[in-house]
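Descriptive analysis of the structure
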Amino acid sequence: GENVEQHPSTLSVQEGDSAVIKCTYSDSASNYFPWYKQELGKRPQLIIDIRSNVGEKKDQRIAVTLNKTAKHFSLHITETQPEDSAVYFCAASRPGTYKYIFGTGTRLKVLA
Amino acid sequence: DAMVIQNPRYQVTQFGKPVTLSCSQTLNHNVMYWYQQKSSQAPKLLFHYYDKDFNNEADTPDNFQSRRPNTSFCFLDIRSPGLGDAAMYLCATSRLGQGTGEQYFGPGTRLTVT
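To keep things clear, this report deals only with the structure shown in the data block. All of these numbers come straight from a predicted model, not from anything done at the bench. (Residues numbered from 1 in each chain as written. Chains lettered and ligands numbered in written order. Predicted model: local features only at pLDDT ≥ 70, side-chain atom pairs only at ≥ 80, totals over all residues. Heavy atoms only, no water.)

Once that is clear, we can look at the overall build of chain B. For chain B, the helix and strand inventory stands at 0 helices and 11 strands. Going from the N terminus to the C terminus, chain B shows its helices and strands as β-β-β-β-β-β-β-β-β-β-β. Against the 2.2 N^0.38 benchmark of 13 Å for 114 residues, chain B shows a C-alpha radius of gyration of 13 Å, consistent with a compact globule. Principal-axis analysis of the C-alpha atoms places the extent of chain B at approximately 40 × 30 × 25 Å. Counting across all 114 residues of chain B, residues that qualify as buried make up 50%. Restricting the contact set of chain B to residue pairs at least 6 apart, pairs at least 24 apart contribute 55%. (Helix = DSSP H or I, 4+ residues; strand = E, 2+ residues; numbered from the N terminus. Rg over C-alpha atoms; globule rule 2.2 N^0.38 Å. Buried < 20%, exposed > 50% of the residue type's maximum accessible area, 1.4 Å probe, protein only. Contact = heavy atoms within 4.5 Å.)

Let's shift gears to the sheet that holds strand 8 (residues 72-77) of chain A. Residue and element names in this part refer to chain A. Here 5 strands make up an open sheet; going across it, the order is 1-3-8-7-6 and the pairing antiparallel. Edge strands, defined here as strands with exactly one partner in the open sheet, are strand 1 (4-7) and strand 6 (56-59). Adjacent strand axes in the sheet meet at a mean angle of 15 degrees when their direction is disregarded. Taken together, the 6 bridges between strand 3 (residues 19-25) and strand 8 define a ladder with antiparallel strand orientation. The partner of Ala19 across the bridge, within strand 8, is Ile77. (Pairing = 2+ DSSP bridges. Axes fitted to C-alpha atoms, helices over the stretch in contact; angles between N-to-C directions.)

So, on to the sheet that holds strand 7 (residues 64-70) of chain B. Residues and elements named next belong to chain B. A sheet is described by the order of its strands in space; here 4 strands give the open sequence 1-3-8-7, paired in antiparallel fashion. Single-partner strands in this sheet number two, and they are strand 1 (4-7) and strand 7. Pairs of neighbouring strands in the sheet enclose a mean axial angle of 20 degrees, with direction left out of account. The sheet contact formed by strand 1 and strand 3 (residues 19-25) spans 4 bridges and is antiparallel. By the bridge assignment for strand 3, Val4 is matched with Gln25.

Now for the packing of aromatic side chains. Residues and elements named next belong to chain A. On inspection of all chains with the given rule, the structure shows 17 aromatic pairs over all chains. With 6.0 Å between their ring centres and 55 degrees between their planes, Tyr25 and Phe73 make a pair best called tilted. Residue Tyr25 is located in strand 3, and its partner Phe73 is located in strand 8; the two are separated by 48 residues in the primary sequence. As far as burial versus exposure is concerned, Tyr25 and Phe73 are alike and both buried. (Phe/Tyr/Trp six-rings, centres within 6.5 Å; stacked < 30°, edge-to-face > 60°.)

All names here are of chain A. Secondary-structure assignment places Arg61 in the loop between strand 6 and strand 7 (62-67). As for Arg61 and Pro34, which are separated by 27 residues in sequence, their C-alpha atoms are 16 Å apart. Not counting the four nearest positions on each side in its chain, Arg61 is found in contact with His76, Ile77, Thr78, Glu79, Thr80, Gln81 and Asp84. Within the structure, the side chain of Arg61 is placed 3.2 Å from the backbone oxygen of Glu79, a separation counted as a polar contact. (Polar contact = N/O pair within 3.5 Å; in protein donor to acceptor, adjacent residues only side chain to side chain.)

This is the structure:
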């Protein structure tokens, strides 16, 4: 069945450094790729998303890149801050459906 | 201006005692989802409604049921909770046919089974 692999499972970076989280999806029909941030005990919140007709999208310190040929997409966080510490989930969705296939999550720790 | 509301936020139930969790939304979204999430694992989809059409995931236990009496409300019923059902239960909504299909999550209900 369809799945999304996410790496790494944990990531520690020094404050101010960059963080990169990678996801690979199996369903070539997927066309929507959201990234959610979940702080401890809180709801997942969308931080950025990308559609398959776009190769890159940026919003201040965060960016997402998509390689449709290789079927992978990545989250990039620059100038990391302690408040970026959270679990990040990628997901993929195909047209005409309303279900996400989630990655397994990455716990990011930003060390002050 | 809460958009997806879940009640209660914390629920304690006894082993085998039925429990109902509720979700309401002010977004007028046509799709509502129930997820189960355990200790920082990815949310696991239990079922979803597209309008009134109910869609169960193949691996959702029969112990879990759902009702959607109208567009705004959706309920999760756990008929006989076991210790393994202790988790965070997340409700989410999305609107198909408009926008990106982004899912908006509620704050969750943390269920404890004693």
